[in-house]
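This is what each chain is made of:
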Amino acid sequence: MADLNLSAIGRGIELNSITSTLKLTQLGLQTVEKKSSSKNVIIDRLSGEFDWRRQANSWQLSGHKMIVNMSDERWPETDLTIRKENDSWLIASNYLRLSDLTSLALLSQYSPEIVRKMQPAGDMERLNLRYSSGKGLTGLAFNVKEVGLLPWKDYPGVTGLTGAISWDSGLANITIDSHKLSLYADKWLEKAVFFDSVTGHVRFQQDNNTWSLQSHDFNIWNDDLTIQLDGNIAHDATGKTDNNIIVKLENIAVNKWQNYVPQRILTDGFKKWVNTAFLDGKIIKGDIELAGDLARFPYENSQNNEHFKMALQVEGVQLHYAPDWPDLLGVNGSITGSGNDLVIKSQHGTIAGFNFTDVTTTINKLTEAKPILHVDGSLVGTTKQALQFV
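Residues numbered from 1 in each chain as written. Predicted model: local features only at pLDDT ≥ 70, side-chain atom pairs only at ≥ 80, totals over all residues. Heavy atoms only, no water.

K.L.:
Account for the overall build of the protein, with residues named and values stated.
P.N.:
In terms of helices and strands, the protein carries 4 helices and 21 strands. Here the C-alpha radius of gyration of the protein, 29 Å, is well above what a compact globule of 390 residues would show, namely 21 Å. When burial is assessed residue by residue, the protein has 35% of its 390 residues classed as buried. At a minimum sequence separation of 6, the contacts of the protein that also span at least 24 residues come to 44%. For the protein, the exposed area adds up to about 23300 Å²; of that, 53% sits on carbon and sulfur atoms. Between the centroid of the 38 positive side chains of the protein and the centroid of its 45 negative side chains there is a distance of 6 Å. (Helix = DSSP H or I, 4+ residues; strand = E, 2+ residues; numbered from the N terminus. Rg over C-alpha atoms; globule rule 2.2 N^0.38 Å. Buried < 20%, exposed > 50% of the residue type's maximum accessible area, 1.4 Å probe, protein only. Contact = heavy atoms within 4.5 Å. Areas by Shrake-Rupley, 256 points an atom, 1.4 Å probe, with all protein chains shown as cover. Lys, Arg positive; Asp, Glu negative; His and termini not counted. Charge placed at Lys NZ, Arg CZ, Asp CG, Glu CD.)

This is the structure:
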């Protein structure tokens, strides 16, 4: 059903402006593509005040006090502006419900593939998009709330994403303020990961084959970890990726860290060892620094100030070095790393029933298939325990 009031101004057969009030109810839309599995879309209500004007080489369509009701959910009252001037476009709106726009996009194979595959849902506010046929996308800004996306190609899926993005001529500023966020990065992580909170600021710049990423006060928190990330990563035209990153850690479950690290960057031998090496315990607090070409990590033979440094305070750690080696249990102390070596200074703990204090455990060639373990310190136990240990 349609209710339309229309007025127009023009000269001869040429119209210069059209003003209307429109109310549509129970508007049904369906695809004309025979092989499409898309469902029909019902717009329960679309109403508002609309104004179209033309001047010289430009025209503008404006919608005011728009009310949209789809899938039994009503949008907040919104405005929409579409303006074309020469080869430039401007699209602006104070509110869009992404799931409804996805439903419309799925009706046509000519809609953007990324929309049809990732099927965005959630709320978008304060949209401002600028595009020209000669330069492409020149500006984009919007806020999102509780956005969900399906994974597609190398793009991760996500639910619960809230934040703001502004992009202008290759430079993007991103502020994230998400709570109860889930990440589905099938190409990078073996399992989906959940975060109680993800907040912070990211700056991304791209120019042809180069890009850079800067992070400031970026915080991630869940039951397994608390992380603050600051620093930058830069990728140049030769394919080299340099990084200068500082990571602050608190309350990290040592047997869960691999759930959050892309497995493709680890060697097969190291993955096999590390997945059963750290069985229990927590990193109470610590710092990790990375600087240099990522392809050369962990910078065993450092060049040009490349380095990998780690300083951690641990509690209750259980280390299973190898099947025929007794576990180090209840380790409290510090872990430091530099290059490809790891040093565990234990204030106390046990191994094969022995109590020990002030023991230094060194693991060399950490990221290789067969790391080398050295233990130096004093053990306290019985002769029987000593014979069993040997």
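K.L.:
So, the pattern of salt bridges: which residues are in play, and what are the values?
P.N.:
Under the criterion given, the structure shown has 7 salt bridges. For Arg130, the salt bridge goes to Asp168, with nearest N and O atoms at 4.0 Å. Within this pair, whereas Arg130 is found in strand S8 (residues 121–132), its partner Asp168 is found in strand S10 (residues 157–168), the two being separated by 38 residues in sequence. Judged by relative accessible area, Arg130 falls into the partly exposed class, the value being 34%. (Salt bridge = Lys/Arg side-chain N within 4 Å of Asp/Glu carboxyl O.)

K.L.:
Could you give an account of the environment of Leu279, naming the residues involved and the relevant values?
P.N.:
Mapped onto the elements of the fold, Leu279 is located in strand S16 (residues 278–293). Given the relative accessible area of 33%, Leu279 is considered partly exposed. A sequence separation of 53 residues divides Leu279 from Asn332, and the C-alpha atoms of the two residues are 14 Å apart. Those residues in contact with Leu279 that lie beyond four places of it in its chain are Asn255, Gln318, His320 and Asp327.

K.L.:
Run through the pairing of strand S7 (residues 88–97), naming residues and quoting values.
P.N.:
On any regular strand, side chains alternate: one points to one face of the sheet, the next to the other face. Sheet topology places strand S6 (residues 78–85) next to S7; 6 bridges connect them, and they run antiparallel. Note on S7: the bridge partner recorded for Arg83 is Leu90. What sits between the antiparallel neighbours S6 and S7 is a turn of 2 residues, in which Asn86 has the positive phi angle 55 degrees. (Pairing = 2+ DSSP bridges.)

K.L.:
Can you explain the side chain of Thr102? Please cite residues and give values.
P.N.:
For Thr102, the position within the fold is in helix H1 (residues 98–105). Within the structure, Thr102 has its side chain in polar contact with the backbone oxygen of Pro120 (distance 2.7 Å). Once residues within four sequence positions are removed from consideration, Thr102 is found in contact with Val115, Gln119 and Pro120. (Polar contact = N/O pair within 3.5 Å; in protein donor to acceptor, adjacent residues only side chain to side chain.)

K.L.:
Please set out the pairing of strand S17 (residues 307–319) residue by residue, giving values where relevant.
P.N.:
Across 11 bridges, S16 lies against S17 in antiparallel orientation. By the bridge assignment for S17, Ile288 is matched with Met310.

K.L.:
Mind laying out unusual backbone geometry, listing which residues take part and the relevant values?
P.N.:
Located in the positive-phi region is Asn86, a residue other than glycine, with phi close to 55 degrees. Positive phi outside glycine occurs at Arg126, with the angle close to 55 degrees.

K.L.:
Give a description of a nonpolar patch on the surface that names residues and reports values.
P.N.:
On the surface, Trp89, Tyr131 and Leu137 cluster together into a nonpolar patch covering about 260 Å² of accessible area. A relative accessible area of 38% places Tyr131 in the partly exposed class. (Patch = residues over 30% accessible without salt bridge, like charges linked within 9 Å, V, L, I, M, F, W, Y side chains within 5 Å.)

K.L.:
So what about the nonpolar core? Which residues, and what values?
P.N.:
Of all hydrophobic cores here, the largest spans 44 residues; its most connected members are Phe278 and Leu312. For this core, the leading source of residues is S17, giving 6 residues. If near-sequence neighbours (up to four positions away) are discounted, Phe278 is found in contact with Val254, Asn255, Trp273, Gln318, Leu319 and Leu342. The next biggest cluster of nonpolar side chains, apart from the first, holds 19 residues, and it includes Ile43, Leu46, Leu98 and Leu140. (Core = buried A, V, L, I, M, F, W, Y, C linked by side-chain atoms within 4.5 Å.)

Everything listed here is a matter of geometry and, on its own, says nothing about what the molecule does.
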